[in-house]
Amino acid sequence: MKFSDPMLQEMIAGRLPGPPIMETLDFRAVEVEQGRAVFEGVPQFKHYHPLGTVHGGYAATLLDSCMGCAVHTTLPKGVIYTTMEFKVSLIRAIPKDTGLVRAEGKVLNAGRRAATAELSLRRVPRLLPPATGSHQQRLFGHRRCQLEGDQRRGDHQRHPAAAVALAAEQRHRAKPR
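What counts, and where the lines are drawn
- Residues numbered from 1 in each chain as written.
- Predicted model: local features only at pLDDT ≥ 70, side-chain atom pairs only at ≥ 80, totals over all residues.
- Heavy atoms only, no water.
- Phe/Tyr/Trp six-rings, centres within 6.5 Å; stacked < 30°, edge-to-face > 60°.
- Helix = DSSP H or I, 4+ residues; strand = E, 2+ residues; numbered from the N terminus.
- Buried < 20%, exposed > 50% of the residue type's maximum accessible area, 1.4 Å probe, protein only.
- Core = buried A, V, L, I, M, F, W, Y, C linked by side-chain atoms within 4.5 Å.
- Contact = heavy atoms within 4.5 Å.
- pLDDT = per-residue confidence, 0-100.
- Pairing = 2+ DSSP bridges.

Caption draft 1: Spatial organisation of the packing of aromatic side chains. One pass over the structure, following the stated rule, counts two aromatic pairs. Pairing F27 with F39 gives two aromatic rings, centres 5.9 Å apart and planes at 40°, and the pair type is tilted. With F27 in strand β1 (residues 27-33) and F39 in strand β2 (residues 36-41), this pair connects stretches of sequence that are 12 residues apart. For the pair F27 and F39, one class covers both residues: buried. Here F45 and Y48 contribute two aromatic rings whose centre-to-centre distance is 5.2 Å and whose plane-to-plane angle is 45°, an arrangement assigned as tilted. Judged by its relative accessible area of 56%, F45 is exposed.

Here's what the structure looks like:
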């Protein structure tokens, strides 16, 4: 199966907004291909924890988002997923003056029920990694996703990615079985 996901490509091109978490933590998808995704961000002072470095949750969220998109590229339309297990080794602290960091996720295996990927987070242009790890996604096939709550609140109208996913789910439910 050759990768072709217009939503991710439109997001990278800037014609569709990314999910709200990308705006909250100031990161973005920069490359997506079959079984691989790359995200970049610039950690800032607003991402600090009380001990004076960037919170580990910044790296974890960047990596989790990157892994989700890498797995997404291997799935048939309509299959939804969620993080099942996530392991990260934070090798170095990330100070606010680190500059650009690059997260890369590569799918190792995508089965019918789970997908496994490896990940890395590196400072650009340095090759020394502040974090490495692994990731597993639980796949749910063509089941109902949690967008109904968003639909009731009208959130799908404010976020195109949610609207696209909701429309796909509604089309799937409308098909005779």
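Caption draft 2: Seen up close, the nonpolar core. Ranked by size, the top nonpolar core spans 29 residues in total, and within it F27, F39, Y58, L62, A103 and L121 carry the most contacts. Listed by contribution, the elements that provide at least two residues to this core are α1 (6-13), α2 (20-25), β1, β2, α3 (56-72), β4 (101-110) and β5 (114-123). In terms of residue count, the dominant contributor to this core is α3 (nine residues). Apart from residues no more than four positions distant in its own chain, A103 is found in contact with A37, V38, F39, L62, L63, C66, S120 and L121.

Caption draft 3: Expanded view of the side chain of R36. Here R36 is to be found in strand β2. Classification of R36 by relative accessible area gives buried; the value is 16%. If we skip the residues at most four places from it in the chain, R36 touches E31, A70, T73, R102, E104, G105 and K106.

Caption draft 4: Inspection of the confidence of the model for the protein at higher detail. Of all residues in the protein, 68% attain a pLDDT of 70 or more, and the chain-wide mean is 78. β2 holds the highest mean pLDDT among the elements of the protein, 95, whereas helix α4 (residues 147-153) holds the lowest, 43. Between residues 142-158, whose pLDDT stays under 50, and residues either more than four places distant or in other chains, the model counts 26 contacts.

Caption draft 5: Structural detail: the pairing of β1. In this sheet, β2 lies alongside β1 in antiparallel orientation, the contact comprising six bridges. What sits directly across from R28, in β2, is E40. If you look at the hairpin formed by β1 and β2, you'll find two residues sitting between the two strands, and G35 has a positive phi there, around 75°.

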